[in-house]
Amino acid sequence: MNDVPPPQDPWVAFGRVAGGVIFYGGAGFLLDRWWDTSFMVAIGVVVGAALGIYTVAMAQRER
Amino acid sequence: MTTTVLNAASDSEGSFHAPGPGSFELPPVFSIGELGVTKPMLLLMLSVPLIVIFFWAASKKSAVVPGKLQFVGEYVYGFVRNGVARDSIGSHDFLKFVPLLFTLFTFVLVNNYFSLIPFLQFPSFSRFGFVVPIALLVWVVYNGVGIAKHGFGGYLRNVCIPGGITGPILVLIIPLEFLSTILVRPATLALRLFANMFAGHLLLILFATGAAYLILDSGNPWYAPVGVLSFFMGIAVSFLELLVLFLQAYVFTLLTAMYIGGALADEH
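How each quantity is defined
- Residues numbered from 1 in each chain as written.
- Chains lettered and ligands numbered in written order.
- Predicted model: local features only at pLDDT ≥ 70, side-chain atom pairs only at ≥ 80, totals over all residues.
- Helix = DSSP H or I, 4+ residues; strand = E, 2+ residues; numbered from the N terminus.
- Buried ≥ 20, exposed ≤ 12 C-beta atoms within 10 Å, placed from the backbone.
- Contact = placed C-beta atoms within 7 Å.
- Core = buried A, V, L, I, M, F, W, Y, C linked by C-beta atoms within 7 Å.
- Expected span 1.5 Å × (residues − 1).
- Axes fitted to C-alpha atoms, helices over the stretch in contact; angles between N-to-C directions.
- Parallel < 35°, antiparallel > 145°, perpendicular 65-115°, else oblique.
- Left-handed = near helix turned anticlockwise from the far one by under 90°.
- Nonpolar A, V, L, I, M, F, W, Y, C, P; charged D, E, K, R; others polar.
- pLDDT = per-residue confidence, 0-100.

### Focus: the overall build of chain B
Working step 1: Along its length, chain B carries 7 helices and 2 strands.
Working step 2: Secondary structure elements of chain B occur, N-terminal to C-terminal, as α-β-β-α-α-α-α-α-α.
Working step 3: Reported as C-alpha extents along the three principal axes, the dimensions of chain B are approximately 70 × 60 × 45 Å.
Working step 4: By the burial criterion, 34% of the 268 residues in chain B qualify as buried.
Working step 5: For chain B, restricting intrachain contacts to residue pairs at least 6 apart in sequence, the fraction spanning at least 24 positions comes to 63%.

Laid out in structure tokens, this is it:
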């Protein structure tokens, strides 16, 4: 029996980007509600996606 | 099923009603008190004895040189045990999870293939309510396994801190990584199975009712050739579905195994 490390979940990249968008998009949405603005949600979504992609890239480099 | 759909497609004098989400809300077959028992419920209950009887029959006469039935049973079991569980969880502790994965695989597979069996012709998991419980079960299992192995704090650390990142940016990454593992995983697991079953079946209904309408009910003979085309598209999509139905059962089981393997893994 070979003991190669188990393959990683191929959807982890999607999960990270989606997680970033949900969290930072949600934070931006709440800030919009608080400040009566309408652009924080857009910034949050972009920042979240960027952080998600960054995480994917760094985790990939580690492997 | 087919007849009710066809009636619905041509009920009001020659106008075609495209199938939609409403096509999946079947009327109850019979009622027990307040509870209306629908076709997907019956299919779900039918699938369990089917699986039990098949594998009981396949393992009843265990011979060194297997018969056809035993061969098929052992092939399916071996596929889940070696191809899914051992490769994804690792040879150290995969054996504990084979019963769960095997049950999940056969349960989803049989219910998916109900989609193409004449007269049954309905994939149970095109109803979202049936997918959610098994996705929740998977969620409880992989988180429970992780907590049992690493302790609550240790598992939380494994979940929240991805490999390869150090420094202050970690503060920004932690909530993202947490959501990715705890929230996005079960949601995509459930949605993937549901949406594939739903869309595939919708496509089949569309081509079948479209062909029936164009050939029989449209009243315009020039539409008939397009109806024939629609009919053959329906056959072609059925063959595509043969593949998709298996793949979705396989992917569901494979991802479950990978989540368990990831929860058991020591460090990133």
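### Digging into the overall build of chain A
Working step 1: Within chain A, the secondary structure is distributed over 2 helices and 0 strands.
Working step 2: Nonlocal contacts in chain A, meaning residues at least 24 apart in sequence, comprise 50% of its contacts between residues at least 6 apart.

### Regarding the interface of chain B and chain A
Note on interface size: it is often stated as the accessible area lost on association of the parts.
Working step 1: Opposite the 24 residues of chain B that make contact, chain A presents 22 residues.
Working step 2: With 10 residues, helix 6 (residues 170-217) of chain B is the largest single contributor of residues to the side of chain B that touches chain A.

### Here we look at the nonpolar core
Working step 1: Residues A85(B), L101(B), A257(B) and I260(B) are the most contacted members of the largest nonpolar core, which totals 39 residues.
Working step 2: Elements represented by at least two residues in this core include exactly helix 3 (68-89), helix 4 (98-113), helix 5 (128-160), helix 6 and helix 7 (224-264) of chain B.
Working step 3: Per element, the largest residue contribution to this core is 11 residues, and it comes from helix 7 of chain B.
Working step 4: Leave out the neighbours within four places in its chain, and L101(B) touches V80(B), V84(B), A85(B), T253(B), T256(B) and A257(B).
Working step 5: If you look at the next biggest cluster of nonpolar residues, it comprises 12 residues, including A18(A), Y24(A), I165(B) and L179(B).

### Let's talk about helix 5 of chain B
Working step 1: With 33 residues, helix 5 of chain B extends only 29 Å from end C-alpha to end C-alpha; this falls clearly short of the ideal 48 Å at 1.5 Å per step.
Working step 2: Close packing links the buried residues of helix 5 of chain B with helix 2 (39-60), helix 6 and helix 7 of chain B.

### Description of unusual backbone geometry
Working step 1: Phi is positive for F119(B), which is not a glycine, with a value near 75°.
Working step 2: If you trace the backbone, F119(B) turns up in the loop between helix 4 and helix 5.

### Focus on the environment of Q70(B)
Residues and elements named next belong to chain B.
Working step 1: If you trace the backbone, Q70 turns up in helix 3.
Working step 2: On the basis of neighbour counts, which here come to 17 C-beta atoms within 10 Å, the residue Q70 falls in the partly exposed class.
Working step 3: In this structure, the C-alpha to C-alpha distance between Q70 and W56, residues 14 residues apart in sequence, is 9.7 Å.
Working step 4: Apart from residues no more than four positions distant in its own chain, Q70 is found in contact with A58, S59, K61, S62 and A63.

### Quick look at the environment of V29(B)
Residue and element names in this part refer to chain B.
Working step 1: Structurally, the position occupied by V29 is in the loop between helix 1 (2-9) and strand 1 (30-32).
Working step 2: Judged by the 11 C-beta atoms lying within 10 Å of it, V29 is exposed.
Working step 3: For V29 and K39, which are 10 residues apart along the polypeptide, the C-alpha to C-alpha distance reads 6.4 Å.

### With respect to the packing of helix 1 (residues 12-35) of chain A against helix 6 of chain B
Working step 1: At a minimum axis separation of 8 Å, helix 1 of chain A and helix 6 of chain B run at an interaxial angle of 110°. By the angle class used here, helix 1 of chain A and helix 6 of chain B are roughly perpendicular. Seen along the crossing, helix 1 of chain A lies across helix 6 of chain B with a hand that is right-handed. Packed against helix 1 of chain A, whose contacting residues are F14(A), G15(A), R16(A), A18(A), G19(A), G20(A), I22(A) and F23(A), the element helix 6 of chain B presents P175(B), L176(B), E177(B), L179(B), S180(B), V184(B), R185(B) and T188(B) at the interface.
Working step 2: A breakdown of the residues in the contact of helix 1 of chain A with helix 6 of chain B according to their chemical character gives 8 nonpolar, 5 polar and 3 charged.

### So, the confidence of the model for chain B
Residues and elements named next belong to chain B.
Working step 1: Mean pLDDT for chain B: 87, with 94% of residues reaching 70 or above.
Working step 2: The low-confidence segment residues 8-12, where pLDDT is below 50, has 8 contacts with residues more than four positions distant or belonging to other chains.
Working step 3: In the model output, the complex is listed with pTM 0.86 alongside ipTM 0.82.

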